[in-house]
Amino acid sequence: MMTRTPARPFRSREWFAAPGRLDMAALYLERFMNYGITPRELTSGRPIIGIAQSGSDLTPCNRIHLETVKRVKAGIEAAGGIPMEFPTHPIFENCRRPTAAIDRNLAYLGLVEILNGYPIDAVVLTTGCDKTTPSAIMAASTVDIPAIVLSGGPMLDGWHDGDLVGSGTVIWRSRRKLAAGEITEEEFLEAATASAPSAGHCNTMGTASTMNAIAEGLGMSLPGCAAIPAPYRERGQIAYETGKRIVEMAYDDLRPSKILTRQSFLNAIALITAIGGSSNAHPHLHAMARHADIELKPSDWMEFGYDLPLLVDVQPAGRFLGERFHRAGGVPAVLSELIAAGKVDGNVATVTGRTLGENVANRFATDREVIRAYDQPLKEQAGFLVLSGNLFDVAIMKTSVIGPDFRARYLSRPGHEGCFEGRAIVFDGSDDYHHRIDDPALDIDENCILVIRGAGVIGWPGSAEVTNMQPPAALLQRGIQSLPTIGDGRQSGTSDSPSILNASPESAVGGGLAWLCTGDTIRIDLNHGRCDMLVDDAEIARRKGEGIPPVPASQTPWEEIYREKVGQLGEGGVLDLALKYRRTSETTPRHNH
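Rules used throughout
- Per chain, residues are indexed from 1 in the order of the written sequence.
- Where totals are concerned, whole chains, interfaces and linings use all residues; where local detail is concerned, this predicted model gives features only for residues with pLDDT of at least 70, and gives and counts side-chain atom pairs only at 80 or more.
- Computation of side-chain values covers all heavy atoms of the structure but excludes hydrogens and water.
- A helix here means a DSSP run of H or I that spans at least four residues, while a strand means a run of E at least two residues long, and both kinds are numbered starting from the N terminus.
- Throughout, radius of gyration means the C-alpha value; the globule benchmark is 2.2 Å times the number of residues raised to the power 0.38.
- Each accessible area is a Shrake-Rupley estimate made with a 1.4 Å probe; only the visible protein chains count as cover when residues are assessed.
- By the counting rule applied here, Lys and Arg register as positive and Asp and Glu as negative, while His and the ends of each chain are not counted.
- For charged residues, the charge sits on one atom: NZ in Lys, CZ in Arg, CG in Asp, CD in Glu.
- A carboxyl oxygen of Asp or Glu within 4 Å of a side-chain nitrogen of Lys or Arg is what we treat as a salt bridge.
- For every residue, the accessible area obtained with a 1.4 Å probe (protein chains only) is divided by the maximum for its type, and the residue is called buried under 20%, exposed over 50%, and partly exposed between those limits.
- Axes here mean lines fitted to C-alpha atoms, for a helix over just the part in contact, with angles spanning 0 to 180 degrees between N-to-C directions.
- Any angle from 65 to 115 degrees is called roughly perpendicular, while one under 35 is roughly parallel, one over 145 is roughly antiparallel, and all others are oblique.
- Residue contacts follow a heavy-atom distance rule, with two residues in contact if any of their heavy atoms lie within 4.5 Å.
- Amino acids outside the nonpolar list (Ala, Val, Leu, Ile, Met, Phe, Trp, Tyr, Cys, Pro) and the charged list (Asp, Glu, Lys, Arg) are all regarded as polar, and Gly is one of them.
- In this analysis, strands are considered paired if DSSP registers two or more bridges between them.
- Stacked, tilted and edge-to-face are the three classes assigned to paired rings of Phe, Tyr and Trp, where Trp is represented by its six-membered ring and a pair needs centres within 6.5 Å; plane angles under 30 degrees give stacked, over 60 edge-to-face, the rest tilted.
- The arc in question is the one traced by the directions running from the helix axis out to the C-beta atoms.
- What qualifies as a polar contact is a pair of N or O atoms within 3.5 Å, subject to a donor-acceptor requirement within protein and to the restriction that residues adjacent in sequence count only when both atoms come from side chains.
- What makes a nonpolar core is a set of buried Ala, Val, Leu, Ile, Met, Phe, Trp, Tyr and Cys residues whose side-chain atoms join them at distances within 4.5 Å.

Student: Could you give me a rundown of the overall build of the protein, with the residues and numbers involved?
Tutor: What the protein contains, in helices and strands, is 21 helices and 14 strands. The C-alpha atoms of the protein give 24 Å as radius of gyration, which agrees with the globular expectation for 593 residues (25 Å, within 12%). Projected onto its principal axes, the C-alpha positions of the protein cover 75 × 55 × 45 Å. Working note: accessible area of the protein is about 23,100 Å², and carbon and sulfur atoms make up 51% of it. Within the protein, the 71 negative side-chain charges are centred at a point lying 6 Å from the centre of the 58 positive side-chain charges.

Student: Explain the pattern of salt bridges to me, and be specific about the residues and the numbers.
Tutor: Counted according to the given criterion, the structure contains 36 salt bridges. A salt bridge links D253 to K258; its shortest N-O distance comes to 3.5 Å. Relative accessible area serves as the criterion here: at 6%, D253 is assigned to the buried category. Taken together, the shared-partner salt bridges connect R8, D144, D253, R255, K258, R583 and E586 into one network.

Student: Residue-level account of the packing of helix 7 (residues 169-179) against helix 8 (residues 185-194), with values.
Tutor: For the pair helix 7 and helix 8, the least separation of the axes is 10 Å and the interaxial angle reads 170°. It follows from the interaxial angle that helix 7 and helix 8 lie roughly antiparallel. Contacts from V170, I171, S174, R175 and L178 in helix 7 reach E185, F188, A191 and A192 in helix 8. A per-class count over the contact of helix 7 with helix 8 returns 6 nonpolar, 1 polar and 2 charged.

Student: Outline the sheet that holds strand 3 (residues 122-127), supporting the account with residue identities and numerical values.
Tutor: Overall, parallel pairing links the 4 strands, which are arranged 2-1-3-4 in an open sheet. The sheet is open, and its two borders are formed by strand 2 (82-87) and strand 4 (147-151), each paired with just one other strand. In this sheet, adjacent strand axes meet at a mean angle of 25° when their direction is disregarded. The pairing of strand 1 (residues 48-53) with strand 3 spans 4 bridges and is parallel. Each bridged residue has a counterpart across the sheet, and for A52 the counterpart in strand 3 is L125. Helix-sheet contacts for helix 4 (residues 65-78) involve strand 1, strand 2, strand 3 and strand 4, and the interaxial angle to strand 1 is about 170°.

Student: A description of the packing of aromatic side chains should follow, citing residues and the corresponding values.
Tutor: The tally for this structure, following the rule as stated, stands at 8 aromatic pairs. Geometrically, the ring pair formed by F32 and Y35 is edge-to-face, given 6.5 Å between the ring centres and 70° between the ring planes. Under the relative-accessibility criterion, Y35 is labelled exposed at 52%. Here F406 and Y410 contribute two aromatic rings whose centre-to-centre distance is 4.9 Å and whose plane-to-plane angle is 55°, an arrangement assigned as tilted.

Student: Account for helix 13 (residues 298-306), naming residues and giving values.
Tutor: Inspection of helix 13 places D300, W301, G305 and Y306 among the buried residues, and these make up the whole buried set. Summarising the axial view, the buried residues of helix 13 lie within an arc of 160°, below the 170-degree limit, and thus occupy one face. Where helix 13 is buried, its residues touch helix 11 (262-275), helix 12 (281-291) and strand 7 (384-387).

Student: Mind laying out the pairing of strand 12 (residues 500-504), listing which residues take part and the relevant values?
Tutor: Sheet faces and side chains relate simply in a regular strand, where the side chains alternate between the two faces. The element strand 12 is extensively covered by neighbouring structure, given that 5 of its 5 residues are classed as buried. Bridge count for strand 8 (residues 394-398) against strand 12 is 3 bridges, and the pairing is antiparallel. Residue pairing for strand 12: M397 is matched across the bridge by I500.

Student: Account for unusual backbone geometry, naming residues and giving values.
Tutor: Each neighbour pair has its own omega, and for Q315 with P316 the value is 10°, a cis peptide bond. Considering the arrangement of structural elements, one finds P316 in the loop between helix 13 and helix 14 (322-328). Each neighbour pair has its own omega, and for W460 with P461 the value is 5°, a cis peptide bond. Within the element layout of this structure, P461 appears in the loop between strand 10 (448-453) and helix 19 (473-477). Despite not being glycine, A18 shows a phi value in the positive range, around 40°. Position of A18 relative to the elements: it lies in the loop between helix 1 (13-16) and helix 2 (22-30). Residue classification places A18 among the buried positions, given a relative accessible area of 2%. Look at S463: it is not a glycine, yet its phi comes out positive at around 80°. Of note, S463 is situated in the loop between strand 10 and helix 19.

Student: I'd like to hear about the side chain of Q470, residue by residue, with values.
Tutor: By secondary structure assignment, the location of Q470 is in the loop between strand 10 and helix 19. When its relative accessible area of 11% is taken as the criterion, Q470 is described as buried. Of the polar contacts made by the side chain of Q470, one reaches the side chain of R175; its length is 3.1 Å.

Student: With reference to specific residues and values, describe the nonpolar core.
Tutor: What tends to happen in soluble globular proteins is that the nonpolar side chains get buried as a cluster. Counting 80 residues, the largest nonpolar core has L125, I214, I246, F265, L285 and M288 as the members making the most contacts within it. Take this core: its biggest share by element is 7 residues, from helix 10 (residues 233-252). With near-sequence residues (within four places) excluded, I246 lies in contact with I49, I76, A122, V123, V124, P146, A147 and I148. In terms of nonpolar packing, the next biggest core, distinct from the first, is built from 47 residues, L391, V451, A455 and M469 among them.

Student: Please provide a residue-by-residue account of the environment of P197, values included.
Tutor: Mapped onto the secondary structure, P197 falls in the loop between helix 8 and helix 9 (207-217). Under the relative-accessibility criterion, P197 is labelled partly exposed at 42%. Here the alpha-carbon distance between P197 and D157, two residues 40 residues apart in the chain, equals 7.3 Å. Leave out the neighbours within four places in its chain, and P197 touches M155, L156, D157, G158 and N203.

Rendered as structure tokens:
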């Protein structure tokens with residue numbers, strides 16, 4: 001094999017060559033012998049390529065990576081690298097209590113320590129379920145070694161009784177049908193389980209599909225990677241190509257700091273709108289940007305995303321699912337539309353060594369039912385609306401899921417379009433909501449606004465997906481499918497609820513939601529981005545004297561540490577102390593003996 005000189009000396013040489021310290025080189029080498037690797041391999045000067053394995057039996061959305069890494073390793077070896085697979089902290093959105101959100105920063109910390117403290121020259125980041133993608137990119141930025149994202153891909157399209165059923169989305173829709181008496185509990189479970197027909201993550205445009213699309217849009221994965229369904233042969237093929245490419249990136253020293261720019265993140269905001277992406281993309285994109293030392297402002301979402309159209313007809317904002325999205329052209333086809341319209345800058349760098357525009361040149365959609373042309377969208381002005389007021393400094397509303405009924409009932413009053421007022425019904429956490437939502441004493445009608453607090457990063461802790469509250473059964477039985485909802489927590493990216501959510505600062509730290517009471521009037525003005533309780537300042541001051549509503553005690557050491565160190569959702573919910581650590585790979589850790 002031809003000898004190549006890397007653009008930057010491989011950091012693994014500091015372990016396996018250990019200049020001036022033969023004793024340390026021997027110590028680092030010897031235990032690797034116990035699974036058959038040879039000293040000659042490790043001292044050859046070839047790059048050591050880490051494979052961050054996010055798949056396990058505990059993480060079914062990412063379990064496909066137990067297979068994909070075989071092809072990754074083959075690609076690495078074919079290109080002259082040495083693969084080393086290692087596990088990452090598991091993150092499984094559906095099952096982790098009290099919420100998987102608390103694990104994003106924990107997985108980030110663990111991956112930083114692995115990439116910084118072991119002889120790894122470059123890394124393949126295997127992703128899938130929601131938070132596995134941002135946690136991996138955050139860590140890669142902190143350490144700043146060559147890194148490439150390999151998503152596991154969505155499940156095949158789900159079908160039940162002849163209809164498409166999308167993961168997550170079918171849960172929220174069936175939950176409403178159950179409360180309305182339209183289906184039985186058995187039928188609920190049948191529909192829910194039918195939405196998971198194969199290996200892979202959510203087949204809707206939930207947070208998993210959104211975040212992997214963002215990774216591709218940021219230039220951190222190979223073109224077309226995000227949307228390939230997990231069982232397709234192309235998934236194994238792109239895993240092989242990813243393995244080959246990361247070796248070239250190691251030699252070229254193509255690190256995240258050379259790819260991730262402010263323009264890359266502004267491109268991602270545009271992409272999120274066009275695909276009808278998850279509202280969870282808002283805090284995750286801020287978190288990735290902050291760890292890349294890039295500033296994103298709330299106004300960026302309005303300037304670069306809000307006025308853009310919805311192009312992708314995939315649930316929950318549309319009709320179809322991930323398999324057909326891939327067949328229609330996937331993320332490259334959407335990016336091609338946005339670049340042609342001048343809404344995405346195609347000159348940014350990517351992991352391929354080419355620009356984003358070069359990667360997706362002439363890759364337009366082959367199915368215009370699923371991916372619309374820019375001038376023939378599903379919806380105009382479909383981005384996240386940023387709001388502020390005396391209830392919070394910043395929150396967002398996913399406008400692409402505003403349906404005709406919701407728009408007619410709340411946003412179409414003659415002379416007051418886009419504005420409405422309602423009586424607040426306040427719940428302290430989801431247990432309180434489930435216990436009281438059907439209480440006749442609350443007298444909930446279609447003119448009420450449901451509010452949930454204590455669901456933010458500190459209050460929960462971690463920020464829970466609970467803001468998409470459904471109306472009481474009595475209203476559902478009358479055909480009222482949704483009420484306006486507000487919360488300092490999040491909601492599932494698969495939800496079709498146009499909630500006002502991610503409110504920051506949260507109730508638990510004295511945000512405005514802490515002082516709201518059931519019966520207060522809330523005014524929402526989408527035209528001016530305002531959300532206010534119509535309560536005079538003197539009364540708010542009196543309520544503040546009563547103290548912040550209580551939140552549950554921490555149950556584990558990590559929950560306590562997390563609460564002490566985490567920032568608010570509006571700024572990404574990151575561990576603020578971690579932000580001062582940049583490009584840690586440029587200083588090799590000292591020897592351990």
